[in-house]
Amino acid sequence: MADYNYKEIEKKWQKKWADDKVFAVKEDGKKEKFYCLEMLPYPSGALHMGHVRNYSIGDVLSRYQMMNGKNVLHPMGWDAFGLPAENAAIKNKIHPAKWTKQNISVMRQQLKTLGISYDWDREIASCDPEYYKWNQWFFIKMYEKGLAFRKKAVVNWCPVCQTVLANEQVSEGVCWRCKSPTEHKELEQWFVKITDYSDELLEGHKELTGHWPQQVLSMQQNWIGKSYGAEVDFKIFAGNKAGSLKVFTTRPDTLFGVTFMAVAPEHKIVSEMKNEIKNWDEVSKYAAQSAAKTNIERSQSKEKTGVELKGITAENPVNGSRIPIFIADYVLTGYGTGAIMAVPAHDQRDWEFAKKFNIPIIEVIKGENSSIEKSAYEGEGVLVNSGQFNNIKSDKAINTVIDWIDKQGFGKKTINFKFRDWLISRQRYWGTPIPMIHCSKCGIVPVPIKDLPVKLPEDVEFTGQGESPLKTCESFINVKCPKCSSPARRETDTMDTFVDSSWYFIRYCDPHNDKEAFDISKVDYWMPADQYIGGIEHACMHLIYARFWYKFLRDLGMVKSDEPFTNLLTQGMVTLGGSAMSKSRGNVVSPDEIIDKYGVDTVRLFILFAAPPQKQLEWSIEGVEGCWRFVNRVWRLQDIINVKSSVSAAQKDKDELLRAMHKTIKKVGVDIEKKLQFNTAISAIMELVNFLYAYKFHSNDGGVSKEVYKNTVILMAPFTPHLCEEIWRNFFNGKDYISRSKWSVFDENMIKEESVEIPVQVNGKVRGTITIDMDSDEDLVKDTALKNEKIQKALDGKKIIKFIYVKNKIATLVVK
């Protein structure tokens, strides 16, 4: 038989799927739904292998659930606003809308070539006014509820992109998009009060635990940064002038050891006390030098720098001692109050600073190995040099001291967050216009709902010089005030593009609704999404923003559940030579070229087989060629199955083949649905195909081998859909698409005899036995052991530090 003719077959089935709308879906209350979602792409102009991996993973899950009888929603759209389009417009003298639409057209065709089971009738693009109208509607609702507001703030500014960046968009002091160093500027900006949902965002992790990667939850917890402690007021003295300096501390038990204070260069006390600061020239010069540094440079610098604010002192409220105040760039405004109480005996950073500036170091916590002459002691111990709190253990002293300072009136118990409100203003053209109007008489006025959407003007020029073209577009700027009809000016900032991606998954449920953002009844049916797939790099931006937006919509009564995504899979990168594929590294592999040479089914199979979805995948042309050979082995089984054996199969031969088939059906189903381990599922299918090739009784076994081949093709359908549709229709005379056929069902009776009873030890002593399938993997054996009542009793809540499994012999739990 000739090789699999992928060029002809793949195009044929893609056309048939599209013509018959095989993957189009509607709400059906009689069927269980499954909503599979991949993070929508930015239309850069070409798919890369990371895209292929992401969308192939989602396609396997969608096709599998569809074959299991579920009503599957699998949509696709475009995160179409953003700086690259505007930069391309400047470079190529083309409007960003035209550039974006051209790229969408190219990438849409690439996705169709991959054979992904999308319902293309639900396609959206965030740059369409029909979509961003609802961004504006939501913004006005937030403004009405006090969640959207404008204020002056020190912001992150990218001089290359010429726009403001949110904290989450600055990593290690550089812009997340262009990788240029960022600066700080004070500007009037629009914010969304996401901090009102800080506790809810953390509380929601309880629902997501076990369904989201723990790493993502930990990253969000660290970013939100909830900490318990106290706010303490320190009196400030500057000649005849007095004031106070508020600090937040998680260690009020160390208050007696405070020997100096440090404030961020941006702290308001620096400017407010300008006339009282005797060395102002030195202080202002230091502040200017600090402003040129990034936060990451300031916080991670090994050299501790600072300048004493001469002429100003603070008073330690617990003992009345006067202490100096320094301006120091390692203190940041983004956490706490922008001022710290320094306890050099028990904080290494403060210790190094105190040594450099010859500041006293007073030990207030005595530990077994404390030696403050050599370094700060940051462990637990008992309080010393702390008045009435001496000899109290430090962990217990925290609340005791907080209660005392509260009664004394110079402090109180409080909770602090690192989390900051979401800065959504962007000084660029290609984004959602913020629907607000500035009137000299009425102040800031929302655009009337009936006038939405506020559309981007098309008659603008992209020069790359100076401000956003919106600021010079008179036809856009000049409007009448909706309240008083006086001449007014339209807001020229546009929204952060993360607004667009904060609710797109809900719009998919009702993408063409022009009367409202979506029909609540349709969203009630589809949401939350059952499976979300995307990169872990979105943990502290998109995934936080989307969760917040969903909770806000819940509070508006527009959605019912608390979380938008039930399960999250973060796929690993595709690498070549150990590095992420990148044009700058010259290690990019074009999906189009590989698909043209081997076919899309081969590329899909390799990218799903080469590594578990969550792990890094190293590109290998040898691996691709191996998958191409396997595709052809499955294809050629059509001939082999039909060649009649001269020897009849004995019952044991048929049972052996059937047993292998049923074991494979069970494993593939578990690996796809429960474990998301597609590589091991494909490996099991490969073993079954090898079994079929080794089988000697084709066409002389009562149809057994043909049944096994049929089920093999069904199992492969989510991975290599074009190949399997062709075999299904031509070899098995399938009347409907294999994509709509029923998933194979295993017979427990055919595999249950292959079980074994093994002992389970806890710290070397047998505590019970469990029965397992002989082919059970280590994870399944461990799960089975932990569900055993005798084992649970023996564990008694102890922490498991190691699990050892000798296959089909014994399992050992090591606990402490």
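First things first, this report covers the structure right here in the doc.

### Quick notes on the overall build of the chain
At step 1: Of the regular secondary structure elements, the chain holds 27 helices and 34 strands.
At step 2: Seen along its three principal axes, the alpha-carbon backbone of the chain occupies a region of about 110 × 80 × 50 Å.
At step 3: Burial analysis of the chain (816 residues in total) assigns 54% to the buried set.
At step 4: The contacts in the chain between residues at least 6 apart in sequence include a share of 72% that link residues at least 24 apart.
At step 5: For the chain, the exposed surface amounts to about 36,500 Å²; the carbon and sulfur share of it is 48%.
At step 6: Put simply, the chain has 112 plus and 105 minus side-chain charges, and the middle of one group is 1 Å from the middle of the other.

### Topic: the packing of aromatic side chains
Ring pairs (aromatic) are described by centroid distance and by the angle formed between their planes.
At step 1: Counting across every chain of the model gives 45 aromatic pairs.
At step 2: Relative to Phe353, the ring of Phe260 lies with its centre 5.2 Å away and its plane at 15 degrees, an arrangement referred to as stacked. Here Phe260, found in strand E12 (residues 260-263), pairs with Phe353, found in helix H12 (residues 348-357); they are 93 residues apart in sequence, far enough to count as distant. The same class applies to Phe260 as to Phe353, namely buried.
At step 3: Ring centres of Tyr525 and Trp526 lie 4.7 Å apart, and the angle between their planes is 85 degrees; on these two criteria the pair is classed as edge-to-face.
At step 4: Overall, the relative accessible area of 17% leaves Tyr525 in the buried class.

### Remarks on the sheet that holds strand E28 (residues 574-576)
At step 1: Judged by pairing direction, the sheet is mixed, and its three strands sit side by side in the order E29-E28-E30 without closing on themselves. Unpaired on one side and paired on the other, strand E29 (579-580) and strand E30 (617-618) mark the two borders of the sheet.
At step 2: Pairing analysis gives two bridges linking E28 to E29, with the strands arranged antiparallel. The residue bridging Leu576 from the neighbouring strand is Ser579, located in E29.

### Notes on the environment of Met573
At step 1: Tracing the chain through its elements places Met573 in the loop between strand E27 (565-570) and E28.
At step 2: For the pair formed by Met573 and Met49, sequence separation is 524 residues and the distance between their alpha carbons is 8.9 Å.
At step 3: Beyond its immediate chain neighbours, meaning those up to four positions away, Met573 contacts Arg53, Ala580, Lys615, Gln616 and Leu617.

### Focus: the packing of helix H21 (residues 651-675) against helix H22 (residues 678-694)
At step 1: For the pair H21 and H22, interaxial distance at closest approach is 8 Å and the crossing angle is 165 degrees. Compared by their axis directions, H21 and H22 come out roughly antiparallel. Crossing angle aside, the handedness with which H21 passes H22 is left-handed. Along its contact with H21, which presents Glu656, Leu657, Ala660, Met661, Thr664, Lys667, Val668, Asp671 and Ile672, the element H22 presents Phe678, Thr680, Ala681, Ala684, Ile685, Leu688, Phe691 and Leu692.
At step 2: Residues belonging to the contact of H21 with H22 are distributed by class as follows: 12 nonpolar, two polar and three charged.

### Focus: the state of the cysteines
At step 1: Considering all chains together, one arrives at zero disulfides under this definition.
At step 2: Counting only cysteine sulfurs, Cys473 is the nearest neighbor of Cys127, a cysteine outside any disulfide, at a range of 18 Å.
At step 3: Under the relative-accessibility criterion, Cys127 is labelled buried at 8%.
At step 4: Free of any disulfide, Cys481 has its nearest neighbouring cysteine sulfur in Cys439, separated by 3.7 Å.

### A look at helix H24 (residues 721-730)
In an α-helix, one full turn covers 3.6 residues, which means residues spaced three or four apart are oriented alike.
At step 1: Burial within H24 is extensive, with eight of its 10 residues counted as buried.
At step 2: Of the residues making up H24, those classed as buried are Pro721, His722, Leu723, Cys724, Glu725, Glu726, Ile727 and Trp728.
At step 3: The secondary structure elements touched by the buried residues of H24 are helix H1 (6-19), helix H2 (49-67), helix H19 (600-609), helix H20 (621-642) and helix H23 (704-716).

### Here's the deal with the environment of Tyr429
At step 1: Looking at the element boundaries, Tyr429 is found in the loop between strand E20 (425-426) and strand E21 (436-439).
At step 2: A residue is classified by how much of its surface remains accessible, and Tyr429, at 1% relative accessible area, is buried.
At step 3: Expressed as a C-alpha distance, the spacing of Tyr429 and Trp99, which sit 330 residues apart in the sequence, is 14 Å.
At step 4: Every residue in contact with Tyr429, bar those within four places of it in the chain, is listed here: Glu86, His95, Pro96, Leu456, Pro457, Glu458, Val460, Phe462, Ser468, Pro469, Leu470 and Thr494.

### Some details on the packing of H20 against H23
At step 1: For the pair H20 and H23, the least separation of the axes is 11 Å and the interaxial angle reads 155 degrees. In terms of axis orientation, H20 runs roughly antiparallel to H23. Note that H20 runs across H23; the crossing there is left-handed. Where H20 abuts H23, its residues Phe630, Val634, Trp635, Leu637, Gln638 and Ile641 lie against Ser705, Lys706, Tyr709 and Met716.
At step 2: A breakdown of the residues in the contact of H20 with H23 according to their chemical character gives seven nonpolar, two polar and one charged.

### A short note on the pairing of strand E5 (residues 148-158)
At step 1: Where E5 and strand E9 (residues 183-192) come together, 10 bridges link them in antiparallel fashion. By the bridge assignment, Lys151 is partnered in E9 with Gln189.
At step 2: Summarising the sheet, E5 and strand E6 (residues 163-165) pair through three bridges and their orientation is antiparallel. Bridged to Asn156 within E6 is Leu165.
At step 3: Counting the residues that bridge the hairpin from E5 to E6 gives four residues, and of these Gln162 lies at a positive phi of roughly 55 degrees.

### Considering the pairing of strand E31 (residues 755-762)
At step 1: Bridge analysis of E31 against strand E32 (residues 765-773) gives eight bridges, and the strand direction is antiparallel. In the strand pairing of E32, Val760 is matched with Gly768.
At step 2: Following E31, the chain reverses through two residues before pairing antiparallel with E32; Asn763 in that reversal takes a positive phi of roughly 50 degrees.
At step 3: Across three bridges, E31 lies against strand E34 (residues 810-815) in parallel orientation. Along E34, the bridge assignment pairs Val762 with Leu813.

### Details of unusual backbone geometry
At step 1: Note the cis peptide between Leu452 and Pro453, where omega equals 5 degrees.
At step 2: In this structure, Pro453 sits in the loop between strand E22 (443-446) and helix H14 (474-477).
At step 3: The step from Met527 to Pro528 runs through a cis peptide bond, and the omega angle for that step is 0 degrees.
At step 4: Mapped onto the fold, Pro528 is located in the loop between helix H16 (520-526) and strand E26 (529-534).
At step 5: Positive phi outside glycine occurs at Ser485, with the angle close to 65 degrees.
At step 6: Classification of Ser485 as partly exposed rests on a relative accessible area of 48%.
At step 7: Positioned with a positive phi, Asp796 is a non-glycine residue whose angle comes to about 50 degrees.
At step 8: Counting through the fold element by element, Asp796 comes out in the loop between helix H27 (789-795) and strand E33 (800-806).

About the thresholds
- Residues numbered from 1 in each chain as written.
- Predicted model: local features only at pLDDT ≥ 70, side-chain atom pairs only at ≥ 80, totals over all residues.
- Heavy atoms only, no water.
- Helix = DSSP H or I, 4+ residues; strand = E, 2+ residues; numbered from the N terminus.
- Buried < 20%, exposed > 50% of the residue type's maximum accessible area, 1.4 Å probe, protein only.
- Contact = heavy atoms within 4.5 Å.
- Areas by Shrake-Rupley, 256 points an atom, 1.4 Å probe, with all protein chains shown as cover.
- Lys, Arg positive; Asp, Glu negative; His and termini not counted.
- Charge placed at Lys NZ, Arg CZ, Asp CG, Glu CD.
- Phe/Tyr/Trp six-rings, centres within 6.5 Å; stacked < 30°, edge-to-face > 60°.
- Pairing = 2+ DSSP bridges.
- Axes fitted to C-alpha atoms, helices over the stretch in contact; angles between N-to-C directions.
- Parallel < 35°, antiparallel > 145°, perpendicular 65-115°, else oblique.
- Left-handed = near helix turned anticlockwise from the far one by under 90°.
- Nonpolar A, V, L, I, M, F, W, Y, C, P; charged D, E, K, R; others polar.
- Disulfide = S-S within 2.5 Å.

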